[in-house]
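Residues per chain are reported as follows:
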Amino acid sequence: MAIYTLPELPYDYAALEPVINPQIIELHHDKHHAAYVKGANDTLEQLEEARDKDAWGSINGLEKNLAFHLSGHILHSIYWHNMASPKDSGGGEPLAADGVGDLADAITESFGSFAKFKTQLTKAAATTQGSGWGVLAYEPVSGRLIVEQVYDHQGNVGQGSVPVLVFDAWEHAFYLQYKNQKVDFIDAMWAVVNWQDVAKRYADAKNRTPLITP
Ligand SMILES: [Fe+2]
């Protein structure tokens, strides 16, 4: 029985033009994201088989695959909702007038200013080596927002931090349109950020109980 399912996109394939073309969105969602969903479900089945047979020869690979595919599924599910059409509500800065003042204040408190945060997340995403993500995450122990540079989908993250804004920096996210110009793609991504969604994720993350006391 499949536990994880591919979510519907919250918009059509062309909604994020001209920042991301429809062909990229279709392949990225229907093929790449779908493969992570299948991979996570398949790996759970393989682990069940290993338990049933008491056969643990592949345990290292299975545990790595579970982390990889599950994290890929979760990050992509956040990614789609983190974006909105640049012709609609995407882009700009989080402003109190738009009802996202708590997020705007937290960014200023955690990074010094929105401009400094924007530069840090841009640099983190654009300089990933190989495949990875730039992530804005809420870190519950400190109560601060932090930027994480994620390896693949699952490496280089602090335990318990909650992603609220994710930039996919894998080549499959941009290569058909931006070729090797990853920096240009990350710069363009700011025009489709859905700050309402980011603010909601930040508010939800703040309500979680930290794993440890400060
Ligand atoms: Fe991706």
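Up top is the structure.
Residues numbered from 1 in each chain as written. Predicted model: local features only at pLDDT ≥ 70, side-chain atom pairs only at ≥ 80, totals over all residues. Heavy atoms only, no water.

Asks: Give a description of unusual backbone geometry that names residues and reports values.
Replies: Here Glu17 and Pro18 are connected by a cis peptide whose omega angle stands at 5 degrees. On the secondary structure map, Pro18 appears in the segment before α1 (22-53). One non-glycine residue, Asp54, adopts positive backbone phi at about 50 degrees. Within the fold, Asp54 resides in the loop between α1 and α2 (59-82). The residue Asp152 is not glycine, and still its phi comes out positive at about 50 degrees. Counting through the fold element by element, Asp152 comes out in the loop between β2 (144-151) and β3 (162-168). (Helix = DSSP H or I, 4+ residues; strand = E, 2+ residues; numbered from the N terminus.)

Asks: Can you break down the side chain of His76 residue by residue, with the values?
Replies: Relative to the elements of secondary structure, His76 occurs in helix α2. Here His76 is in contact with His28, His33, Tyr36, Trp133, His153, Asp168 and His172, once residues within four sequence places are set aside. (Contact = heavy atoms within 4.5 Å.)

Asks: Lay out the sheet that holds β2 with the relevant residues and their values.
Replies: Strand order across the open sheet formed by three strands is β2-β1-β3, with antiparallel pairing between neighbours. Of all the strands in the sheet, just β2 and β3 have a single pairing partner and so form its edges. Averaged over all adjacent pairs, the angle separating strand axes in this sheet is 25 degrees, with direction ignored. As judged from the eight bridges shared by strand β1 (residues 132-139) and β2, these two strands associate in the antiparallel manner. Bridged to Trp133 within β2 is Val150. Along the sheet face, α2 touches β1 and β3 and points at about 80 degrees away from the line of β3. (Pairing = 2+ DSSP bridges. Axes fitted to C-alpha atoms, helices over the stretch in contact; angles between N-to-C directions.)

Asks: Summarise the pattern of salt bridges; cite the residues concerned and give the values.
Replies: Here the structure, examined in full by the defined rule, presents four salt bridges. In this structure, Asp42 and Lys38 form a salt bridge, with 2.6 Å as the shortest nitrogen-oxygen distance. With Asp42 and Lys38 both in helix α1, this residue pair falls four residues apart, about one helical turn. Using a relative accessible area of 26% as the deciding quantity, one classes Asp42 as partly exposed. With its nearest N and O atoms 2.8 Å apart, the salt bridge here joins Asp197 to Arg201. With Asp197 and Arg201 both in helix α7 (residues 195-206), this residue pair falls four residues apart, about one helical turn. (Salt bridge = Lys/Arg side-chain N within 4 Å of Asp/Glu carboxyl O. Buried < 20%, exposed > 50% of the residue type's maximum accessible area, 1.4 Å probe, protein only.)

Asks: Tell me about the coordination of the iron ion, and name the residues and values.
Replies: Bound to the iron ion are the protein donor atoms His28 (NE2), His76 (NE2), Asp168 (OD) and His172 (NE2), situated 1.9 to 2.1 Å from the metal. The coordination sphere of the iron ion comprises four donor atoms, whose angles at the metal cover 89 to 136 degrees; the geometry is irregular. Written as a sequence motif, the donor residues of the iron ion are H-x47-H-x91-D-x3-H. With a gap of 144 residues between them, His28 in helix α1 and His172 in the loop between β3 and α5 (175-178) connect regions that are remote in the sequence. Each member of the pair, His28 as well as His172, is classed as buried. (Donors = N, O, S within 2.8 Å, 3.2 Å for Na, K, Ca; no water. Tetrahedral: all angles 85-135°; square planar, octahedral: opposite > 155°, others 65-115°.)

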